[in-house]
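# Geometric and topological summary
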There are 2 protein chains.
Amino acid sequence: MTVGFIGLGNMGQGMVDNLLEKGADLTVFTRTQSKIEAMIDRGAKGATSVADLARSVDVVLVCLPDIRTSRDLLLGEDGVIANAKPGQIVVDHSTVDIATSRACAEAAELKGVHFLDAPISGGPGGAAGGTLAIMVGGNEDAFETAYEYLGKMGANVKLMGPSGAGTAMKLINQLLVGINTVAAAEAFALANSAGIDITAAADLLTVSWGNSVMAARSAPITATRDFANSAAPVRNLDKDMGIIKDLARDEGLSLELALKSYEMFHHMIEQGNTEHDIAGVLEIIEERSKN
Amino acid sequence: MTVGFIGLGNMGQGMVDNLLEKGADLTVFTRTQSKIEAMIDRGAKGATSVADLARSVDVVLVCLPDIRTSRDLLLGEDGVIANAKPGQIVVDHSTVDIATSRACAEAAELKGVHFLDAPISGGPGGAAGGTLAIMVGGNEDAFETAYEYLGKMGANVKLMGPSGAGTAMKLINQLLVGINTVAAAEAFALANSAGIDITAAADLLTVSWGNSVMAARSAPITATRDFANSAAPVRNLDKDMGIIKDLARDEGLSLELALKSYEMFHHMIEQGNTEHDIAGVLEIIEERSKN
């Protein structure tokens, strides 16, 4: 069985590294030719286009930065599904909206192609280490076939339900990442106001009910106020929480903390700090405080 | 050295159980005479009043339900500090506001008494198991002396700083407990809307950035919708978040998620569901959603 990968960004690169190291028969395509050549030097094959890649492998994995790019590459005339054959499996690791995942699944089904929405969590470190959480929506047989590759990239790979369920689970995770990050920033603002050391507070939290993965992650970044440049730039979370906002509106769901958190992250974007770490939302809280 | 304990509520009872089992020379006082007698049957001494207890032990521990009771028992005419002697140590395990902790420390200092604010986290299970987190504010020598008893009740006992620092740390923890609980409820509302099983979502979260102690705690309660009666009734968190609201106002701190979360928990109180679990805030979200 052969596998292709489209999109060698800061997540995709780590994912293909794991596929290659673990012996997959791999073809890659991405916009930047030098990245393709670097992978050829290491034993992968290079495709000349999205369509070329789609026609030459059994399982197509894509990892793309936004909904528009996923729709173009997956649903477009020269895209993956248009060039796929019956029985082929297409997997989208991008974070998109549920409607896009379901539209891809329907377009694929018309051609006898299996589509899996399979967003990832764990950051560039998880991608490089092959320890990603991968949440999958779609057909169980297709999931079990694709697991040969998903299992090389992730430590926790779970079928969550039918098409769209992987994307829904990723949005659930991102909602929590967003709110818990603002919660940690409010907690650290309170700590600063009360003269409590951030590192000592984080240490105490490790055995308290208030702890979260995001509080533990934000603490050292906040203690050093090293908000500029980051492995978790706010532009990604801002995009994902915008999707959650649209979903809440469409479904009539009251998600008040999610919407307020999104507004605060978007304030960072409006200030031009797109590459700042999400923990930098502390600066928004400080601006809004009267000290 | 001898120790006294005032307040055998659902936290205090577990704490004195640990003191007694671990060999402390213990005297107790509480409003309910039968609770005192039960402790006498197990080898403790019983005091006849707050003043009697304060006069008869070296270290006085109190664990009380609200600010008014802490102020009455600690600062009142017949209270602990009025009846304490120089060199004695008084420890308040209650969750109060920072101003109350500092007022107690000042009143104690005038009499040559050491005061420690030492709120606890871990719930009745932590109290019974002797595994509480205890966050302490005050003098280092007094902390080290009192540690003989604090170490019997808690697994993570930390001096956070001068008087008020223990209380501040507890409020930091409660802010996170409150916001992270509402965050989990919003995440589970989204899961229900998208047809994702709550237990499967919680399982995936255990290896994802979105996880928190409160999301893990809320998941099984939410899966069974077993919100009535609880080891973490909303009345306690509502009280603590009210203290945080006042602190934010006094310090000019912008704590938008904390205030919104407080408003939602307070909505549960207004509905008369004071004993409902904090995870029951999901019902508030569902009421506010248009489904």
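Residues numbered from 1 in each chain as written. Chains lettered and ligands numbered in written order. Predicted model: local features only at pLDDT ≥ 70, side-chain atom pairs only at ≥ 80, totals over all residues. Heavy atoms only, no water.

This part is about the relation of the copies chain B and chain A. Least-squares fitting of chain B to chain A yields an RMSD of 0.1 Å, with the superposition described by an axial translation of 0.0 Å and a rotation of 180°. The operation mapping one copy onto its partner corresponds to a two-fold rotation axis. Proximity to the rotation axis, assessed at the C-alpha, singles out B:Ser212 in chain B; its C-alpha lies 1.9 Å from the axis. Interface overlap between copies is the fraction of interface residues in one copy that are interface residues in the other; for chain B against chain A it reaches 100%, indicating a shared surface. (Least-squares fit on C-alpha atoms with pLDDT ≥ 70 in both. Contact = heavy atoms within 4.5 Å.)

Residues and elements named next belong to chain A. Per the domain assignment, the segments making up chain A are domain 1 (3–161) and domain 2 (169–288). For domain 1 versus domain 2, the distance between C-alpha centres works out to 29 Å. A combined buried area of about 880 Å² lies between domain 1 and domain 2, and 68% of that area is made up of carbon and sulfur atoms. Looking at the side of domain 1 facing domain 2, the largest losses of area belong to Thr95, Ile98 and Met135, adding up to 44% of the total buried there. (Domains from an automatic or database assignment. Buried area = accessible area lost by both parts, 1.4 Å probe.)

Okay, the interface of chain B and chain A next. Across the boundary between the two partners, chain B contributes 62 residues, which contact 62 residues of chain A. Interface area, chain B with chain A, both sides summed: about 5,600 Å², of which 68% is carbon and sulfur. Looking at the side of chain B facing chain A, the largest losses of area belong to B:Leu190, B:Trp209 and B:Leu257, adding up to 15% of the total buried there. At the junction of chain B with chain A, the criterion picks out six salt bridges. In this structure, the salt-bridge partner of A:Glu256 is B:Arg288, at a minimum N-O distance of 2.7 Å. The set of elements that each furnish at least two residues to the side of chain B that touches chain A consists of β8 (132–137), β9 (154–161), α8 (165–194), α9 (198–205), α10 (213–224), α11 (234–251), α12 (256–270) and α13 (281–288) of chain B. With 21 residues, the single largest contributor to the side of chain B that touches chain A is α8(B). Residues that form the side of chain B that touches chain A fall into these classes: 38 nonpolar, 15 polar and nine charged. (Salt bridge = Lys/Arg side-chain N within 4 Å of Asp/Glu carboxyl O. Helix = DSSP H or I, 4+ residues; strand = E, 2+ residues; numbered from the N terminus. Nonpolar A, V, L, I, M, F, W, Y, C, P; charged D, E, K, R; others polar.)

Our focus in this paragraph is the pairing of strand β5 (residues 89–92) of chain B. Residue and element names in this part refer to chain B. Residues Ile89 and Val91 point to one face of β5 and Val90 and Asp92 to the other, with burial holding for every one of them. Strand direction decides the pairing type here: strand β4 (residues 59–62) and β5, joined by four bridges, are parallel. Residue pairing for β5: Val62 is matched across the bridge by Asp92. Chirality of the crossover, the property in question, places the unit of β4, helix α4 (residues 67–75) and β5 among those that are right-handed. Between the parallel elements β5 and strand β6 (residues 114–117), the chain passes through helix α5 (residues 98–110) in a crossover that is right-handed. (Buried < 20%, exposed > 50% of the residue type's maximum accessible area, 1.4 Å probe, protein only. Pairing = 2+ DSSP bridges. Right-handed = clockwise from strand over helix to strand, strands pointing away.)

As a further point, take the environment of A:Val281. Residue and element names in this part refer to chain A. Counting through the fold element by element, Val281 comes out in helix α13 (residues 281–288). Relative accessible area serves as the criterion here: at 0%, Val281 is assigned to the buried category. Residues Val281 and Ser163, spaced 118 residues apart in sequence, show a C-alpha to C-alpha distance of 34 Å. Excluding residues within four positions of it along the chain, Val281 makes contact with Thr181, Val182, Ala185, Met264, Phe265 and Met268.

What follows covers the packing of helix α11 (residues 234–251) of chain A against helix α12 (residues 256–270) of chain A. Residues and elements named next belong to chain A. Two elements in contact, α11 and α12, have axes whose closest approach is 9 Å; the angle formed by their N-to-C orientations is 140°. Here α11 runs over α12; the crossing is left-handed. Contacts between α11 and α12 involve Val234, Arg235, Leu237, Asp238, Met241, Gly242, Ile244, Lys245 and Ala248 from the former and Ala258, Leu259, Ser261, Tyr262, Phe265, His266, Met268 and Ile269 from the latter. (Axes fitted to C-alpha atoms, helices over the stretch in contact; angles between N-to-C directions. Left-handed = near helix turned anticlockwise from the far one by under 90°.)

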